[in-house]
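The chain contents come next:
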Amino acid sequence: MATCDLCNATTSWQEGKVYSASDFRELVARGLQPDESTLAVMMAFGASRGQAVQQWKTGLVAQSSTDWLLCPVCAVRASKFDTKRPKSTPAVSEGSRPASLTSVSLPNMSEPRDKSWWQFWK
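Because the structure is predicted, anything quoted here is derived from the model rather than measured.

1. A few points about the overall build of the protein
Right, on to step 1. In terms of regular secondary structure, the protein is built from 5 helices and 4 strands.
Right, on to step 2. Taken over 122 residues, the protein has a buried fraction of 26%.
Right, on to step 3. Here the contacts in the protein between residues at least 6 apart in sequence split such that 70% fall between residues at least 24 apart.
Right, on to step 4. Of the accessible surface of the protein, which amounts to about 8900 Å², a share of 57% is contributed by carbon and sulfur atoms.

2. Here we look at the packing of aromatic side chains
Right, on to step 1. By the definition in use, this model includes 3 aromatic pairs.
Right, on to step 2. Where Phe24 meets Trp56, the ring centres are 6.2 Å apart and the plane angle is 80°; that geometry is what we call edge-to-face. Pair noted here: Phe24 is in helix 1 (residues 21-29) and Trp56 is in helix 3 (residues 49-63), with a separation of 32 residues, a long-range link.
Right, on to step 3. We note Lys17 situated over the ring of Tyr19; from NZ or CZ to the ring centre the distance is 4.7 Å.

3. Here's the deal with the environment of Met1
Right, on to step 1. Turning to its location among the elements, Met1 is positioned in the segment before strand 1 (2-3).
Right, on to step 2. With 10 residues separating them along the chain, Met1 and Thr11 place their C-alpha atoms 6.1 Å apart.
Right, on to step 3. Once residues within four sequence positions are removed from consideration, Met1 is found in contact with Thr10, Thr11 and Ser12.

4. A word on the pattern of salt bridges
Right, on to step 1. The final tally for this structure, using the stated rule, is 3 salt bridges.
Right, on to step 2. Salt-bridge contacts for Glu26 lead to Arg30; the nearest nitrogen and oxygen are separated by 3.1 Å.
Right, on to step 3. You can call Glu26 partly exposed: its relative accessible area is 32%.
Right, on to step 4. Close ionic contact of Asp35 with Arg77 constitutes a salt bridge, the shortest N to O distance being 3.5 Å. Of this pair, Asp35 sits in the loop between helix 1 and helix 2 (36-44) while Arg77 sits in helix 4 (residues 72-79); the two residues are 42 residues apart in sequence, bridging distant segments of the chain.

5. Focus on helix 4
Right, on to step 1. For helix 4, the set of buried residues is Cys74, Ala75 and Ala78. Seen end-on, helix 4 carries its buried residues on one side only, within an arc spanning 105°.
Right, on to step 2. Buried residues in helix 4 make contact with strand 3 (17-19), helix 1 and strand 4 (68-70).

6. Focus: the nonpolar core
Right, on to step 1. Residues Cys4, Leu6, Phe24, Leu32, Leu70 and Cys74 are the most contacted members of the largest nonpolar core, which totals 16 residues.
Right, on to step 2. Looking at this core, the elements with two or more residues in it are helix 1, helix 3, strand 4 and helix 4.
Right, on to step 3. Leave out the neighbours within four places in its chain, and Leu70 touches Cys4, Leu6, Gly16, Lys17, Tyr19, Phe24, Ala75 and Ala78.
Right, on to step 4. Of all hydrophobic cores here, the second largest spans 5 residues; its members include Leu39, Ala47, Ala52 and Val53.

7. Regarding helix 2
Residues spaced three or four apart along an α-helix face the same direction, because each turn holds 3.6 residues.
Right, on to step 1. Buried within helix 2 we find Thr38, Leu39 and Met42. Looking straight down helix 2, one finds that the buried residues subtend no more than 95° of arc, so they occupy a single side.
Right, on to step 2. Along its buried surface, helix 2 packs onto helix 3.

Criteria and cut-off values
Residues numbered from 1 in each chain as written. Predicted model: local features only at pLDDT ≥ 70, side-chain atom pairs only at ≥ 80, totals over all residues. Heavy atoms only, no water. Helix = DSSP H or I, 4+ residues; strand = E, 2+ residues; numbered from the N terminus. Buried < 20%, exposed > 50% of the residue type's maximum accessible area, 1.4 Å probe, protein only. Contact = heavy atoms within 4.5 Å. Areas by Shrake-Rupley, 256 points an atom, 1.4 Å probe, with all protein chains shown as cover. Phe/Tyr/Trp six-rings, centres within 6.5 Å; stacked < 30°, edge-to-face > 60°. Lys NZ or Arg CZ within 6 Å of the ring centre and 35° of its normal. Salt bridge = Lys/Arg side-chain N within 4 Å of Asp/Glu carboxyl O. Arc of directions from axis to C-beta. Core = buried A, V, L, I, M, F, W, Y, C linked by side-chain atoms within 4.5 Å.

What follows is the structure, given as C-alpha cells:
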C-alpha cells in the first residue's frame, strides 16, 4: 500500500493517479490547494492559513523532484485543474445519437486490398 501525497490517505499505485513533479506544479499553479489536513498540521505549529499554503507551494511542491501519487478522491480534485485531459465525456443516449454513429459499415477485411495507397513515396 502507498499513501496519497496530498491528503495522506491509504491508496495504491494501481487505484491512484500519478503526476510528475512538473505536472503537479502546473496543477498547483492553476489553483490546486493542499488538503485541509495538511494545513491543519502546519497551522498547529503556529502558521496562519495563508502562510501554510504559501509554505506548501514554495517549499514542498516547488522543491519536489519525485512523482506525486494521489488517491482517487484527490485525483478528482486535481483533475479540475488538469488542462491536458478532457473534463468529461458528454452523455449520449441511444435516441440522440447522430446518424453517422448509428450506421457504420466496416470494410470486409477478408478481401484483398490494393496496398499501393501507402506507397506514396515511390
